[in-house]
Amino acid sequence: MARGKHPLMKCRHCDAKAVVNMRQHKLALCGPHFVEWVHKQTERFIEKYNMFTRDERVLVAVSGGKDSLALWDILLALGYRADGLYIGLGIDGGLSYSDESHRYITEFIEARGGDLTLHTVDVAGIYGASIPDAARLTRRGREKPCSVCGLSKRHIMNRVAREHGYDVLATGHNLDDEAAVLFGNAMVWSVDYLSRQGPVLPPSHPGLARKVKPLFRFYEREMAAYAIVRGIEYMYDECPHATGATTIRYKELLNQLEESSPGIKLQYVLRFLKAREQHGLFAQVREQLDLRTCPTCGQPTTNDGACSFCRMWERVNDRRIEQGL
Ligand code: AMP
Ligand code: FES
Ligand code: ZN
Ligand code: ZN
């Protein structure tokens, strides 16, 4: 875990060996001091960006990966009211990716005495087809099911948060995710996304939860280190469909830059947010966004009529009937 030229680097606060060296902060810490630092930093970010208060109910979207399990662990340690949501996508990939992911979440809960609330949504059971099958049955996912998957996850997260009255929906996006997505959006000047991307997304519709990313200032390797120090077992593999995805290539590119300029990834994201706020960048785009309500599910959409999620699943069901599935 320790990185850099000094394998025996000491913790800044005690004599123990450092397990993590964060070059961008010029800070090396041992396990216990690192955990303490992560907890304090997360609390500071939650307050600084007005993400949520201790009275509000938080729904943590847990995938079984290190980031979202670490997030749930941190929020519980800090005493927030945090429940989990797992969406069973039915992704197989030869290693039963979804089942494995679910198992890590169950183990996480058992390791904490079993007394945690987890909402589980089985996509195939509820909507009639797994994500890869839905993608195959529609033209949307001819190559990869990722767009069907993203659309469905967003919808289900909103739905569960609304049905169970959660104030906030928290995801495990880390700094590497944010920087790569920002890079991708800026690459094609997607002003729509650039106007909204950030650590807090206010609800666009009454009844919808606020979306927050409490880990957005932590590097991915810091979250991996956190999970290991805390003994959290997690799904190590990426989704089998993610291989070759552009975000992965952007992450590699940004890591190359980070190697020679420690901290550049963090500054890239933070300065973007500051510039947008201070100079009102993309404010007009945000105001012009014409959001309507889907008549079928009641969620926001820019479509005239049914939202993309409802249209997509309607097509899936039509195909299933046609094919006698
Ligand atoms: P990804 O889009 O896979 O990079 O995941 C980003 C975040 O979305 C994760 O940190 C989780 O908070 C959430 N997430 C991803 N997949 C799932 C899932 N199957 N069930 C619940 N939450 C998920
Ligand atoms: Fe959704 Fe891979 S296609 S996680
Ligand atoms: Zn220490
Ligand atoms: Zn809809």
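Residues numbered from 1 in each chain as written. Chains lettered and ligands numbered in written order. Predicted model: local features only at pLDDT ≥ 70, side-chain atom pairs only at ≥ 80, totals over all residues. Heavy atoms only, no water.

K.L.:
Any chance you could break down the coordination of the zinc ion (ligand 3) for me, citing the residues and the numbers?
P.N.:
When a metal holds four donors in a tetrahedron, each ideal angle between them is 109.5 degrees; when it holds six in an octahedron, the ideal angles are 90 or 180 degrees. Every protein donor of the zinc ion (ligand 3) is listed here as Cys-11 (SG), Cys-14 (SG), Cys-30 (SG) and His-33 (ND1), and their distances to the metal cover 2.1 to 2.3 Å. Each of the 4 donor atoms bound to the zinc ion (ligand 3) contributes to angles spanning 101 to 114 degrees, and the resulting shape is tetrahedral. Each donor residue of the zinc ion (ligand 3) lies on one chain, and together they are spaced C-x2-C-x15-C-x2-H. Accessibility expressed as a relative area gives 4% for Cys-30, which makes it buried. (Donors = N, O, S within 2.8 Å, 3.2 Å for Na, K, Ca; no water. Tetrahedral: all angles 85-135°; square planar, octahedral: opposite > 155°, others 65-115°. Buried < 20%, exposed > 50% of the residue type's maximum accessible area, 1.4 Å probe, protein only.)

K.L.:
Could you give an account of the coordination of the zinc ion (ligand 4), naming the residues involved and the relevant values?
P.N.:
In this structure, Cys-294 (SG), Cys-297 (SG), Cys-307 (SG) and Cys-310 (SG) serve as the protein donors to the zinc ion (ligand 4), at separations of 2.3 Å. Every donor counted, the 4 donor atoms about the zinc ion (ligand 4) form angles of 105 to 113 degrees at the centre, which fits tetrahedral coordination. Sequence positions of the donors to the zinc ion (ligand 4) reduce to the motif C-x2-C-x9-C-x2-C. Taken together, the positions of Cys-297 in the loop between β9 (292-293) and β10 (300-301) and Cys-307 in the loop between β10 and α13 (308-322) put the pair 10 residues apart, joining distant regions of the chain. (Helix = DSSP H or I, 4+ residues; strand = E, 2+ residues; numbered from the N terminus.)

K.L.:
Account for empty space enclosed by the protein, with residues named and values stated.
P.N.:
Evaluation of the coordinates by the stated rule reveals 1 cavity of 30 Å³ or more. The computed volume of the largest cavity comes to approximately 40 Å³. If you trace the largest cavity, you find it lined by Glu-178, Leu-182, Gln-197, Gly-198, Pro-199, Phe-216, Val-269, Phe-272 and Leu-273. The element that contributes the greatest number of residues to the lining of the largest cavity is helix α11 (residues 264-279), accounting for 3 residues. Broken down by class, the residue content of the lining of the largest cavity amounts to 6 nonpolar, 2 polar and 1 charged. (1 Å grid on protein atoms, 1.4 Å probe; cavity = no way out; pocket = protein on both sides within 12 Å on 5 of 7 lines; lining within 4 Å. Points joined across faces, edges and corners; volume = space filled by probe spheres on them. Nonpolar A, V, L, I, M, F, W, Y, C, P; charged D, E, K, R; others polar.)

K.L.:
So what's going on with the sheet that holds strand β8 (residues 210-212)? Residues and values would help.
P.N.:
As summarised here, the arrangement of the 6 strands in space is β5-β4-β3-β6-β8-β7, forming an open sheet in which the pairing is mixed. Every other strand in the sheet has two partners, leaving β5 (118-122) and β7 (200-201) as the edge strands with one partner each. In terms of strand pairing, strand β3 (residues 57-61) meets strand β4 (residues 81-88) through 5 bridges, oriented parallel. Looking at β4, one finds that Val-60 is bridged to Gly-84. The sheet strands contacting helix α6 (residues 146-163) are β3, β4, β5, β6 (168-170) and β8, and the helix crosses β4 at an angle near 140 degrees. (Pairing = 2+ DSSP bridges. Contact = heavy atoms within 4.5 Å. Axes fitted to C-alpha atoms, helices over the stretch in contact; angles between N-to-C directions.)

K.L.:
So, the packing of aromatic side chains: which residues are in play, and what are the values?
P.N.:
Enumeration over the complete set of coordinates arrives at 12 aromatic pairs. When the centroid spacing of 5.3 Å and the interplanar angle of 20 degrees are considered together, the rings of Trp-72 and Phe-108 count as stacked. Here the residue Trp-72 occupies a position in helix α2 (residues 66-77), and Phe-108 occupies one in helix α3 (residues 97-111), the gap between them amounting to 36 residues. The exposure class of Trp-72 is buried, given its relative accessible area of 0%. (Phe/Tyr/Trp six-rings, centres within 6.5 Å; stacked < 30°, edge-to-face > 60°.)

K.L.:
I'd love a proper account of the layout of surface pockets, names of residues and values included.
P.N.:
The calculated volume of the second largest pocket comes to roughly 480 Å³. Around the second largest pocket sit 21 residues that line it, and Tyr-49, Leu-273, Lys-274, Arg-276 and Glu-277 are the ones nearest its centre. At the level of elements, α11 and α12 (283-288) are the ones that each hand at least two residues to the lining of the second largest pocket. Among the elements that make up the lining of the second largest pocket, the one with the highest residue count is α11 (8 residues). Residue composition of the lining of the second largest pocket, grouped by class: 9 nonpolar, 5 polar and 7 charged.

K.L.:
So what's going on with unusual backbone geometry? Which residues, and what values?
P.N.:
The phi torsion of most residues other than glycine is negative, and most of the peptide bonds are trans. Positive phi values are uncommon outside glycine, yet Lys-26 reaches one of about 50 degrees. Turning to its location among the elements, Lys-26 is positioned in the loop between β1 (20-22) and β2 (27-29).

K.L.:
Tell me what's going on with helix α10 (residues 246-260), and back it up with residues and numbers.
P.N.:
Between its first and last C-alpha atoms α10 spans 22 Å; for 15 residues at 1.5 Å apiece the expected length is 21 Å, and the two agree. Along α10, the residues classified as buried are Tyr-250, Lys-251, Leu-254 and Glu-258. Considered in projection along α10, the buried side chains sweep an arc of 105 degrees and stay on one side of the axis. Of the residues in α10, the exposed ones pointing more than 90 degrees away from the buried face are Gln-256 and Ser-260. Elements in contact with the buried residues of α10: α7 (175-187), α9 (220-229) and α11. (Expected span 1.5 Å × (residues − 1). Arc of directions from axis to C-beta.)

K.L.:
So what's going on with a positive patch on the surface? Which residues, and what values?
P.N.:
On the surface, Arg-44, Lys-48, Arg-271 and Lys-274 cluster together to form a positively charged patch. Among the elements of the structure, α1 (31-48) and α11 are those that each provide at least two residues to the positive patch. Its place among the elements puts Lys-48 in helix α1. (Patch = residues over 30% accessible without salt bridge, like charges linked within 9 Å, V, L, I, M, F, W, Y side chains within 5 Å. Areas by Shrake-Rupley, 256 points an atom, 1.4 Å probe, with all protein chains shown as cover. Salt bridge = Lys/Arg side-chain N within 4 Å of Asp/Glu carboxyl O. Lys, Arg positive; Asp, Glu negative; His and termini not counted. Charge placed at Lys NZ, Arg CZ, Asp CG, Glu CD.)

K.L.:
How would you summarise the packing of α2 against α3 if you had to cite specific residues and measurements?
P.N.:
Packing of α2 against α3 leaves a shortest axis separation of 11 Å and a crossing angle of 20 degrees. Classified by the angle their axes make, α2 and α3 are roughly parallel. The element α2 and its partner α3 pack so that their crossing is right-handed. Each of Leu-69, Trp-72, Asp-73 and Leu-76 in α2 lies in contact with α3, whose residues at this interface are Tyr-104, Ile-105, Phe-108 and Ile-109. (Parallel < 35°, antiparallel > 145°, perpendicular 65-115°, else oblique. Left-handed = near helix turned anticlockwise from the far one by under 90°.)

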